[in-house]
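A structural walkthrough
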Amino acid sequence: MAKKNRQPAIEMDIVVEGTPLQVIAKPYTAANDQPRFRVSYNGSPVHIFGEDRTQHKLVAIDSGSEPIPAIIEQAIGFALQKRTA
């Protein structure tokens, strides 16, 4: 079995509608070789972010955790794209 190349977590502070968010994103590669991020903000449950190829942006792609407000999802996706571009 190949050794996985672990990448360091990305920590960001962003502000959404006047509310500060501390975001922690842990990058990984999914089984289909697509980049993904395990994302938590302000201690929230983890959300999985991946690329939406039709929209060319990072979005929450999981449905198992509690819902993430659309404005927060968009802000985190945009910030992650800027950090990883």
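Before reading on, note that the structure itself is shown above.
Residues numbered from 1 in each chain as written. Predicted model: local features only at pLDDT ≥ 70, side-chain atom pairs only at ≥ 80, totals over all residues. Heavy atoms only, no water.

**Notes on the sheet that holds strand β3 (residues 35-41)**
Taken in spatial order, the 5 strands of this open sheet run β1-β2-β3-β4-β5, and their pairing is antiparallel. Where the open sheet ends on each side, the last strands, each with one partner, are β1 (10-16) and β5 (57-60). Here the average twist between neighbouring strands, direction ignored, is 35 degrees. Across 7 bridges, β1 lies against strand β2 (residues 19-29) in antiparallel orientation. Bridging from a neighbouring strand, I14 pairs with L21 of β2. The strands touched by helix α1 (residues 70-84) are β1, β2, β3, β4 (47-52) and β5; relative to β1, the strand with the most contacts, the crossing angle is about 135 degrees. (Pairing = 2+ DSSP bridges. Helix = DSSP H or I, 4+ residues; strand = E, 2+ residues; numbered from the N terminus. Axes fitted to C-alpha atoms, helices over the stretch in contact; angles between N-to-C directions. Contact = heavy atoms within 4.5 Å.)

**What to know about unusual backbone geometry**
Positive phi, close to 50 degrees, is recorded for E17, a residue that is not glycine. Tracing the backbone through its elements, the reader meets E17 in the loop between β1 and β2. Backbone geometry places N42, a non-glycine residue, at a positive phi of 50 degrees. Within the element layout of this structure, N42 appears in the loop between β3 and β4.

**Quick word on the environment of Q22**
Here Q22 lies in strand β2. Those residues within four positions of Q22 in sequence are excluded, and the remaining contacts are M12, D13, S40, Y41 and N42.

**A closer look at α1**
Helix length check: α1, at 15 residues, gives a terminal C-alpha distance of 21 Å against a target of 21 Å (1.5 Å per residue), a fit within 8%. Considered for burial, the residues of α1 that qualify are I72, E73, I76, G77, A79 and L80. Within α1, the buried residues cover an arc of 165 degrees as seen down the axis, which keeps them to one side. Those residues of α1 that are exposed and aimed more than 90 degrees away from the buried face are F78 and K82. Buried positions along α1 lie against β1, β2, β3, β4 and β5. (Expected span 1.5 Å × (residues − 1). Buried < 20%, exposed > 50% of the residue type's maximum accessible area, 1.4 Å probe, protein only. Arc of directions from axis to C-beta.)

**Focus: the pairing of β4**
Among the 6 residues in β4, 5 count as buried, and that is most of the element. Two elements, β4 and β5, share 4 bridges in a ladder whose sense is antiparallel. Paired with E51 across the bridge in β5 is L58. Counted along the chain from β4 to the antiparallel partner β5, the turn is 4 residues long, and its residue H56 has a positive phi close to 55 degrees.

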